[in-house]
Amino acid sequence: MVHPFNRIFGLGEKSADEIEESYHPDEVVQIPVDCIIPNRYQPRTIFNDERIKELAQTIHTHGMIQPIIVRKFEEEKYEIIAGERRWRAVQTLEWETIPAILRDMTDTETASVALIENLQREELTVIEEAFAYSKLLEMHSLTQEALAQRLGKNQSTIANKLRLLKLPEEIQEALLNKSITERHARALIKLKDPKKQTEVLKLIIENDWNVKQTEEKIAKIQEPKEPKKKRPKLKGINKDIRIAMNTIRQSLSMVTKTGVDVESDEKEFDEFYQITVKIPKKK
């Protein structure tokens, strides 16, 4: 029987007979807990201690209902393929051995199973999920669309997650620790400058901004600043004309302060200065 992940990702070239000769799929063996190492391809970087304690209590009360799956790593050592949370729980119970099923898998198969198992549990942080997608794309030389089809997800979902990996490490760490949400991070992507992204990140955390407040701040940063209108230089002209020009400017400024949206434009010609003033009929 071909492993289901082999069918999904086209893994492994071994025949069913060759696999059967190397191990018995349904045989549960007792393996010393100290002889087991974690999966090197485990996408999960944070294990909730409280959840592990709860699982340990369940195992203590009802026993190990589902064995872990391991593969031979080196002499007297085994690497976990699936079931790291159960192994961690058993460690807290100080069991000497743990029930396990031995599988014969390549590095690629082991990594794929670990990544997909965690993706299906939907307990990963968005950064861990993005990393899992990235590794699967790399290992199997897939397009985002092909990976989406094989995992039964929308291509846009995978693309949005992968974009998070382009954010500065500080923002990825905040996502990992759940200091900000995925929607916060996706809003930060709109800022192309990594420095500005991290500056806004600090404001989000310090002020406990929601997503709407974050988006409003980013919109203000992105607003183009209107260039200041250049006024004609008044050097080298008659003092009285300079006073007249400044008086007109001050008058326009005073009118603007009353709330009237006055528009003015100054132009310099060879024989004269021209000031055009537009005053709206409605305030």
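Here the structure is a predicted model, which means the values were calculated and not measured.

K.L.:
How would you explain helix α13 (residues 239-257) if you had to name every residue and give the values?
P.N.:
Across its 19 residues, α13 extends 27 Å between first and last C-alpha, which sits within 8% of the 27 Å expected from 1.5 Å per residue. Of all the residues in α13, the buried ones are M245, R249 and L252. Viewed along the axis of α13, the buried residues span an arc of 60°, placing them on a single side of the element. Counted as exposed and oriented over 90 degrees from the buried face of α13: K239, D240, Q250, M254 and K257. Where α13 is buried, its residues meet β6 (263-268) and β7 (273-278). Trailing α13 by a residue or two, G259 shows a phi angle of about 110°, which is positive.

K.L.:
Let's hear about the sheet that holds strand β4 (residues 77-82): which residues, and what values?
P.N.:
Pairing between sheet strands relies on hydrogen bonds along the backbone, with the strands arranged either parallel or antiparallel. Taking strand neighbours across the sheet as the criterion, the five strands line up as β1-β5-β3-β4-β2 in an open arrangement whose pairing is mixed. Each edge of the open sheet is held by one strand with a lone partner, namely β1 (28-32) and β2 (36-37). With five bridges connecting them, β1 and strand β5 (residues 97-102) associate as antiparallel partners. Bridge assignment links I31 to a residue of β5, and that residue is I98.

K.L.:
How would you sum up the pairing of β6? Please name residues and give values.
P.N.:
Side-chain direction in a regular strand flips from residue to residue, so the side chains alternate between the two faces of the sheet. The pairing of β6 with β7 spans six bridges and is antiparallel. Pairing of E268 across the sheet is with Y273, part of β7. Hairpin connection between β6 and β7: a loop of four residues separates the two successive antiparallel strands.

K.L.:
Can you tell me about helix α7 (residues 144-151), naming the residues and giving the values?
P.N.:
Within the sequence span of α7, burial applies to A146, L147 and A148. Of the residues flanking the end of α7, it is G152, one or two places downstream, whose phi is positive at about 70°.

K.L.:
Can you break down the confidence of the model for the protein residue by residue, with the values?
P.N.:
Considering every residue of the protein, the mean pLDDT works out to 81; 83% of them sit at 70 or more. For the stretch residues 1-7, pLDDT sits under 50, and the model shows 10 contacts to residues farther than four places along the chain or on other chains. Here residues 11-23 is modelled with pLDDT under 50, and outside its nearest four sequence neighbours on either side it reaches 15 contacts, counting other chains as well.

K.L.:
How would you summarise the environment of R44 if you had to cite specific residues and measurements?
P.N.:
Structurally, R44 can be placed in the loop between β2 and α3 (49-62). Its relative accessible area of 9% is what places R44 among the buried residues. As a C-alpha pair, R44 and E128 span 84 residues in sequence and 6.1 Å in three-dimensional space.

The rules behind these values
Residues numbered from 1 in each chain as written. Predicted model: local features only at pLDDT ≥ 70, side-chain atom pairs only at ≥ 80, totals over all residues. Heavy atoms only, no water. Helix = DSSP H or I, 4+ residues; strand = E, 2+ residues; numbered from the N terminus. Expected span 1.5 Å × (residues − 1). Buried < 20%, exposed > 50% of the residue type's maximum accessible area, 1.4 Å probe, protein only. Arc of directions from axis to C-beta. Contact = heavy atoms within 4.5 Å. Pairing = 2+ DSSP bridges. pLDDT = per-residue confidence, 0-100.

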